[in-house]
Amino acid sequence: MMISAFRPAAAMLCCAALSFGLPAAAQAGDIAEKATLAETLLDRGYGGAALKAFDTSAAAFWTASPLQLRTVLFADAVDGFADYTPRGNSEFQPSDALRLYFEPVGFAYTEESDGFGAALTADLQIRAPGGLILATAEDFGRLEWQGRSKMREVHATIEFPLPDFKPGSYQLLLTLRDENSPKTTTVTLPFSVTE
């Protein structure tokens with residue numbers, strides 16, 4: 001079993017998330033107001049103030065967002081945030097390891113003496129196509145990040161050997177639970193075992 005979580009070099013959160021169909025109440029609230037203020041300040045040449053307003057808007061979006069995964073996939077290699085080699089297909093041999101790469105969004109932070117921390121707990125389940133549960137691992141791993149600022153561009157990798165399944169189609173369910181809020185998310189990744 002291998003579980004890793006990383007914090008890359010600081011980078012700005014993409015503002016495009018503001019246009020992805022948020023409810024009208026959220027658009028009319030703090031998120032949209034701060035984003036509009038950031039754009040106005042930037043147009044008037046106040047770059048520093050615009051950045052601060054943008055960061056406030058991004059933080060409001062992050063807090064309002066459900067726990068979700070920006071990216072989740074099987075990977076052949078992972079070298080850092082957004083630096084991974086996707087697996088060409090989801091077919092595995094019985095002796096292969098399953099390696100998941102994902103980028104969580106919307107988790108909560110705790111204040112620490114020298115900054116902020118975040119933690120997620122991962123549960124795994126493998127099902128047959130009809131829904132029969134073949135393997136389960138609750139509290140499979142704990143993913144942690146710490147930093148001097150509230151990091152928003154983080155990734156994690158979970159790797160484990162494929163159980164001895166006969167050839168066929170299966171589903172991997174990954175459930176993440178935020179340790180600092182009631183937020184959870186579950187994603188399903190179909191895969192197959194070949195001879």
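Residues numbered from 1 in each chain as written. Predicted model: local features only at pLDDT ≥ 70, side-chain atom pairs only at ≥ 80, totals over all residues. Heavy atoms only, no water.

Some words on the packing of aromatic side chains
Phase 1: Taken as a whole and judged by the stated rule, the model has eleven aromatic pairs.
Phase 2: Residues phenylalanine 74 and phenylalanine 92 carry aromatic rings whose centres are separated by 5.2 Å and whose planes lie at 70 degrees to one another, so their mutual orientation is edge-to-face. Highlighted residues: phenylalanine 74 in strand 2 (residues 68-80) and phenylalanine 92 in strand 4 (residues 91-92), separated in sequence by 18 residues.
Phase 3: Overall, phenylalanine 92 belongs to the buried group, its relative accessible area being 1%.
Phase 4: Where phenylalanine 107 meets tyrosine 109, the ring centres are 5.5 Å apart and the plane angle is 65 degrees; that geometry is what we call edge-to-face.
Phase 5: Judged by relative accessible area, phenylalanine 107 falls into the buried class, the value being 1%. (Phe/Tyr/Trp six-rings, centres within 6.5 Å; stacked < 30°, edge-to-face > 60°. Helix = DSSP H or I, 4+ residues; strand = E, 2+ residues; numbered from the N terminus. Buried < 20%, exposed > 50% of the residue type's maximum accessible area, 1.4 Å probe, protein only.)

Digging into unusual backbone geometry
Phase 1: The phi dihedral of alanine 82 is positive, around 60 degrees, even though this residue is not glycine.
Phase 2: Checked against the element boundaries, alanine 82 lands in the loop between strand 2 and strand 3 (83-86).
Phase 3: Positive phi outside glycine occurs at aspartate 139, with the angle close to 50 degrees.
Phase 4: Tracing the backbone shows aspartate 139 in strand 8 (residues 133-147).

Let's talk about the environment of arginine 87
Phase 1: Take arginine 87: it is sitting in the loop between strand 3 and strand 4.
Phase 2: Using a relative accessible area of 24% as the deciding quantity, one classes arginine 87 as partly exposed.
Phase 3: The spacing of arginine 87 and phenylalanine 74 is 13 residues in sequence and 5.6 Å in space, taken between C-alpha atoms.
Phase 4: The residues contacting arginine 87, other than those within four sequence positions of it, are Phe74, Ala75, Asp76, Phe92 and Asp96.
Phase 5: Within the structure, arginine 87 has its side chain in polar contact with the side chain of aspartate 76 (distance 3.4 Å).
Phase 6: Polar side-chain contacts of arginine 87 include one of 2.7 Å to the backbone oxygen of glutamate 91. (Contact = heavy atoms within 4.5 Å. Polar contact = N/O pair within 3.5 Å; in protein donor to acceptor, adjacent residues only side chain to side chain.)

Overview of the pattern of salt bridges
Phase 1: Under the criterion given, the structure shown has seven salt bridges.
Phase 2: Here arginine 87 makes a salt bridge to aspartate 96, at a shortest N to O gap of 3.7 Å.
Phase 3: Arginine 142 is the salt-bridge partner of glutamate 144, the closest N and O atoms lying 2.6 Å from each other.
Phase 4: A relative accessible area of 44% means that arginine 142 is categorised as partly exposed.
Phase 5: Each of Asp76, Arg87 and Asp96 takes part in one network of salt bridges that share partners. (Salt bridge = Lys/Arg side-chain N within 4 Å of Asp/Glu carboxyl O.)

Here's the deal with the packing of helix 2 (residues 30-43) against helix 3 (residues 47-64)
Phase 1: One can describe the packing of helix 2 onto helix 3 by two numbers: an axis separation of 8 Å at closest approach and a directional angle of 160 degrees. Considering their axes alone, helix 2 and helix 3 lie roughly antiparallel with respect to each other. Note on packing geometry: the crossing formed by helix 2 with helix 3 is left-handed. Together, Asp30, Ile31, Lys34, Ala35, Leu37, Ala38, Leu41 and Leu42 of helix 2 and Gly47, Ala49, Ala50, Ala53, Phe54, Thr56, Ser57, Ala60, Phe61 and Ala64 of helix 3 make up the contact between the two elements. (Axes fitted to C-alpha atoms, helices over the stretch in contact; angles between N-to-C directions. Parallel < 35°, antiparallel > 145°, perpendicular 65-115°, else oblique. Left-handed = near helix turned anticlockwise from the far one by under 90°.)

As for the confidence of the model for the protein
Phase 1: Counting all residues, the mean pLDDT for the protein is 85, and 86% of those residues have values of 70 or more.
Phase 2: For the stretch residues 6-28, pLDDT sits under 50, and the model shows 38 contacts to residues farther than four places along the chain or on other chains. (pLDDT = per-residue confidence, 0-100.)

Some details on the side chain of aspartate 178
Phase 1: Note that aspartate 178 resides in strand 10 (residues 168-178).
Phase 2: Buried within the structure, aspartate 178 lacks any salt-bridge partner; its nearest side chain of opposite charge belongs to lysine 183, at an N-O separation of 5.8 Å.
Phase 3: Separated by 3.0 Å, the side chain of aspartate 178 and the backbone nitrogen of asparagine 180 make a polar contact.
Phase 4: In this structure the side chain of aspartate 178 is engaged in a polar contact, spanning 2.8 Å, whose partner is the side chain of serine 181. (Lys, Arg positive; Asp, Glu negative; His and termini not counted.)

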